[in-house]
Amino acid sequence: GYDFIHSPERLTTPLIMKDGRQVPASWDEALDLVANKLMEIKTQHGPDALAGISCARSINEDSYNMQKLFRAVIGTNNIDHCARTCHAPTVAGLAMAFGSGAMTNSFADFEKAKLIFVIGSNTTEAHPVAGAYIKRAVLQGAELIVCDPRFNGIAEHAHLYVPIKVGSDVAFINGLMHVIIKEGLHDRDYIANCTTGFEALKAKVAEYPPERAAAIAGISPEMLIDTARRLARVKPAMLVYTLGITEHTCGVNNVLSTANLQMLLGNVGFECGGVNPLRGQNNVQGACDMGALPNVFTGYQKVTDPAAREKFQKAWGVEKLPDQVGLMIPGMFEGIEKGTIKGLWVFGENLANTEPDIRHVEHCLEKVDFLVCNDIFNTETTRFADVVFPAAAWSEDDGTFTNSERRVNRVRKAVEAPGEAKPNWWVFREIAKRLGQEWASASGQEIWDNEVSELAPALKGIKYRRLENDGLQWPCPSEDHPGTVCMHTGGKFTCGLGVFNPVDWTPPAEVPDAEYPLVLSTGRRLYHYRTRTQTGRCEGLNDLLGEETADISFADASAIGVADGEKVRVSSRRGQVVVKARVTRQVPQGLVWMAFHFREGNANWLTNPVYDPISQTAEYKACAVRLEKA
């Protein structure tokens, strides 16, 4: 699915909104307009009246320059990116438990593993390459346990499939830990030497005996006990999760639970063990590493730390950097609604399709005083923009990506960008220049070698000349360091001792009732990617999957008198869509499952804009809906 690069629909020239329509403009005209408008808003309303959203699909160097522009030039920490919608709970939760919010192990471990516990992940569709590694491990004798509300693709290969209810993860995992501790199956030496907080965890999980935990999870106590014993039987065991864990109002607590479980079993810090979140996009890890987050500079150095600010002030040649944590994406929309956010810059994100409650998002995009977009195509979001910059895509610029396993890899320019499209880092550099700052770095390599790897201690040893083969995994603190394949080895966590964080189960914010008796959960399908900005322009993929469906059980289909392929209306408190029913044994009674790849039938017309209190990640995985034959 890479032929989108040569699509005739690519943006090739800057666009400016004039008299209600976007018309072509020169680069100077578009850049001058943006620079002048940003300065006008900053002067009249202050720097915090501006906000930016970076891109997890583009190279590290682009995200680095965007966050640098907002912090060093505009003077605000209002910078975020789409980790907010997927793996922000991972960053927060694993940092609390381990001191580092990243995948602990490597993909190479998957094939060598003896036991893999997959929870909240449709791996074979959402991460098909990683899914292939897991399937090969099973063929070579590894035991596979899959825990998910749906009998998804990876579950077909499992030795044990555990069909827990949507939103019951904390109760389920607390129940597992209750059994493990009660039966003496925990790793006492590891807990004593490598962790802290065990007694508090033990007291909390004592409140979740198998009968209670299993009732919340919708499974039998015997199945819960069997799962706990299987997990304790093999050491080390790998735990793998994705958005089924994170996209909840309790997403951070879910992540903490996975960390608690693996530390309890003594599985962290070993090859073929650890906690392994699979990132939602190719460079979500990299965009986080670059500091495209409201609370940290490049390399996760806190904006509230005076020493970190002094370091970046000196490096960037500015007298003062903002010292308050900026707005996350939900806060940006709230600010637009209140009138405190006057300008928004969206780089490579199609917010009008990916955020929960699309109607509200479109209202905000229409309301904001000034909207700038960088993109490679016109999207549902760019149509609201006052200025659209045509961007270079993957294969049209030199840079780096950082994948889920913390591996920094080179991205090499193979073809020229179409028309007048430019690299995104160049656009941010040009705006900085017009606002009074001259940035020396004039290529991806200069940005990385001279700035990124010099400012982030974990990236210090990673230089372009060392990335000619398979790349390097951070932490890589010096140029003679081979990179880190497995984190937290020898019982030495990034934060010192691993920290147990006892957490309680809380239900989803919206549960079924008489008016909306079913649960909607959302995710991805194999043949398309996110909002189809790219895959929708790839020959053949639309033939494989040409429209959205509502996946429902045979029982629920029978209850409303609908057959496979017939139209159904799915309604929530926020809207309704009409799509074809896909009647399948993958989905249990009471659950409707949909994706968000197609504008018509997009699940995000229905999803609930409620958020995890720590990460502000939306609860895409659970809301109440009604199902009717259309």
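Throughout, residues of each chain are indexed from 1 in the direction in which the sequence is written. Per-residue local features of the predicted model are confined to residues with pLDDT of at least 70, and side-chain atom pairs are confined, for both listing and counting, to 80 or more; whole-chain, interface and lining totals are unaffected and use all residues. Just so you know, side-chain values use all the structure's heavy atoms and leave hydrogens and water out.

Engineer: When you look at the overall build of the protein chain in this model, what are you seeing that I'm missing?
Structural biologist: Per the secondary structure count, the protein chain includes 22 helices and 27 strands. With the C-alpha coordinates of the protein chain rotated into their principal frame, the extents come out at 70 × 60 × 45 Å. The long-range share in the protein chain, meaning contacts at least 24 apart out of those at least 6 apart in sequence, stands at 74%. Method for areas: the Shrake-Rupley scheme with a 1.4 Å probe, in which residue coverage is limited to the protein chains shown. With the model as given, the accessible surface of the protein chain reaches about 22600 Å², and the carbon-plus-sulfur share is 50%. Elements are defined by DSSP. Helices are runs of H or I of four residues or more, strands are runs of E of two residues or more, and each kind is numbered from the N terminus. Should any heavy atoms of two residues lie within 4.5 Å, those residues are considered in contact.

Engineer: So what exactly am I meant to see when it comes to the packing of helix α7 (residues 169–182) against helix α13 (residues 251–264) here?
Structural biologist: Axes are the key here: two packed helices are described by the angle between their axes and the distance separating the axes. Note on method: axes are straight lines fitted to C-alpha atoms, helices fitted across the in-contact stretch only, with angles between N-to-C directions ranging 0 to 180 degrees. For the pair α7 and α13, interaxial distance at closest approach is 9 Å and the crossing angle is 15 degrees. Considering the angle they form, α7 stands roughly parallel to α13. The crossing of α7 and α13 is left-handed. Facing α7, whose interface residues are Asp169, Val170, Ile173, Leu176, Met177, Ile180 and Ile181, α13 presents Asn253, Asn254, Ser257, Thr258, Asn260, Leu261 and Leu264. Residue polarity is assigned by list, with Asp, Glu, Lys and Arg as charged and Ala, Val, Leu, Ile, Met, Phe, Trp, Tyr, Cys and Pro as nonpolar; anything else, Gly included, falls into the polar class. Across the contact of α7 with α13, the residue classes tally to eight nonpolar, five polar and one charged. In what follows, roughly perpendicular refers to angles from 65 to 115 degrees, roughly parallel to angles under 35, roughly antiparallel to angles over 145, and oblique to any angle outside these ranges. Should the near helix be turned anticlockwise from the far one by less than a right angle, the crossing is left-handed, and should it be turned clockwise, the crossing is right-handed.

Engineer: Just to check I follow, could you spell out the nonpolar core for this structure?
Structural biologist: Nonpolar side chains tend to gather and get buried jointly when the protein is soluble and globular. Among the nonpolar cores identified, the biggest contains 60 residues, and Val34, Leu69, Trp316, Trp345, Phe389, Ile431 and Ile462 are the most heavily contacted of them. Sequence-distant contacts of Phe389, that is, excluding residues within four places in its chain, are made with Trp27, Ala30, Leu31, Val34, Trp345, Val372, Cys373, Asn374, Asp375 and Val427. Here the nonpolar core consists of buried residues drawn from Ala, Val, Leu, Ile, Met, Phe, Trp, Tyr and Cys, with membership extended through side-chain atoms lying within 4.5 Å. Classification of residues uses two cut-offs on accessible area relative to the type maximum, computed with a 1.4 Å probe and protein chains only: under 20% is buried, over 50% is exposed, and between them is partly exposed. Of all hydrophobic cores here, the second largest spans 53 residues; its members include Phe117, Phe198, Val205 and Ala217.

Engineer: When you look at the sheet that holds strand β18 (residues 472–473) in this model, what are you seeing that I'm missing?
Structural biologist: Adjacent strands of a sheet form backbone hydrogen bonds with each other and so pair up, either parallel or antiparallel. What the three strands build is an open sheet, ordered β16-β17-β18; its pairing is antiparallel. Looking along the sheet, the strands with just one partner apiece sit at the ends: β16 (399–402) and β18. One requirement defines pairing of two strands: DSSP has to find at least two bridges between them. Here four bridges tie β16 to strand β17 (residues 407–411), and the two strands are oriented antiparallel to one another. Each bridged residue has a counterpart across the sheet, and for Gly399 the counterpart in β17 is Val411.

Engineer: Is there a simple way to think about the pairing of strand β27 (residues 623–629) in this case?
Structural biologist: Two faces, one strand: in a regular strand the side chains alternate between the faces of the sheet. One ladder, built from three bridges, connects strand β20 (residues 518–523) with β27; its direction is antiparallel. The residue bridging Val519 from the neighbouring strand is Ala624, located in β27. In the sheet, strand β22 (residues 567–571) pairs with β27 via four bridges, with the strands oriented antiparallel. Bridging across to β27, Val570 finds its partner in Leu627.

Engineer: Teacher, can you tell me more about the environment of Leu201 here?
Structural biologist: Here Leu201 lies in helix α9 (residues 198–205). Given a relative accessible area of 0%, Leu201 falls into the buried group. With 300 residues separating them in the primary sequence, Leu201 and Asn501 have C-alpha atoms 6.7 Å apart. Those residues in contact with Leu201, other than ones at most four positions away along the chain, are Met177, Asn260, Leu264, Phe500 and Pro502.

Engineer: Can you walk me through the pairing of strand β9 (residues 238–241) in this structure?
Structural biologist: On β9, burial covers both faces: Met238 and Val240 on one face and Leu239 and Tyr241 on the other are all buried. Pairing of strand β5 (residues 115–119) with β9, which is carried by four bridges, proceeds in the parallel orientation. When the sheet's bridge partners are listed, Val118 is paired in β9 with Val240.

Engineer: Even after reading the chapter, I still don't get the packing of aromatic side chains, so can you show me in this structure?
Structural biologist: Note on aromatic pairs: the rings of Phe, Tyr and Trp (six-membered ring only in Trp) are paired at centre separations within 6.5 Å, and the planes decide the class, stacked below 30 degrees, edge-to-face beyond 60, tilted for the rest. This structure, assessed with the given rule, holds 16 aromatic pairs. When the ring of Trp27 is compared with that of Trp426, the centres are 5.2 Å apart and the planes differ by 90 degrees; the resulting orientation is edge-to-face. Here the residue Trp27 occupies a position in helix α1 (residues 27–45), and Trp426 occupies one in helix α19 (residues 424–434), the gap between them amounting to 399 residues. Assigned by exposure class, Trp27 and Trp426 land together as buried. For the ring pair Phe297 and Phe312, a centre distance of 4.5 Å and an interplane angle of 20 degrees mean the geometry is stacked. Taken as a pair, Phe297 in strand β11 (residues 296–297) and Phe312 in helix α15 (residues 306–316) lie far apart in primary sequence, 15 residues in all. Relative accessible area serves as the criterion here: at 0%, Phe297 is assigned to the buried category. The exposure class of Phe312 is buried, given its relative accessible area of 0%.

Engineer: Got a minute to help me understand unusual backbone geometry in this structure?
Structural biologist: Phi is mostly negative for residues that are not glycine, and the peptide bonds are mostly trans. In this structure, Pro236 follows Lys235 across a cis peptide bond, with omega equal to -5 degrees. Within the secondary structure, Pro236 is located in the loop between α11 (221–233) and β9. Across the junction of Trp474 and Pro475, the peptide omega takes the value 5 degrees, indicating a cis bond. Inspection of the secondary structure assignment puts Pro475 in the loop between β18 and β19 (498–499). Although it is not a glycine, Asp19 adopts a positive phi angle of roughly 55 degrees. Within the secondary structure, Asp19 is located in the loop between β1 (15–18) and β2 (21–24). Its relative accessible area of 83% is what places Asp19 among the exposed residues. Although it is not a glycine, Cys272 sits at a positive phi angle of roughly 65 degrees.

Engineer: When you look at the sheet that holds strand β7 (residues 160–162) in this model, what are you seeing that I'm missing?
Structural biologist: If you trace the five strands from one edge of the open sheet to the other, you get β7-β6-β5-β9-β10, paired in parallel fashion. Both edges of this open sheet fall to β7 and β10 (275–277), since each of them pairs with a single strand only. Across the sheet, the axes of successive neighbouring strands diverge by a mean angle of 20 degrees, strand direction being ignored. The sheet contact formed by strand β6 (residues 143–147) and β7 spans three bridges and is parallel.

Engineer: Explain the pattern of salt bridges here, please?
Structural biologist: Side chains that differ in charge, positive against negative, can pair when their charged atoms come close. Any carboxyl oxygen of Asp or Glu that lies within 4 Å of a side-chain nitrogen of Lys or Arg is treated as forming a salt bridge with it. Summed over the entire model, instances satisfying the criterion amount to 34 salt bridges. Among the salt bridges present, the one from Lys413 reaches Glu416, with a minimum N-O distance of 3.1 Å. Under the relative-accessibility criterion, Lys413 is labelled partly exposed at 40%. A salt bridge links Glu454 to Lys460; the shortest N-O distance between them is 3.0 Å. Judged by its relative accessible area of 37%, Glu454 falls in the partly exposed class. Residues participating in the shared-partner salt-bridge network are Asp28, Asp32, Glu430 and Arg434.

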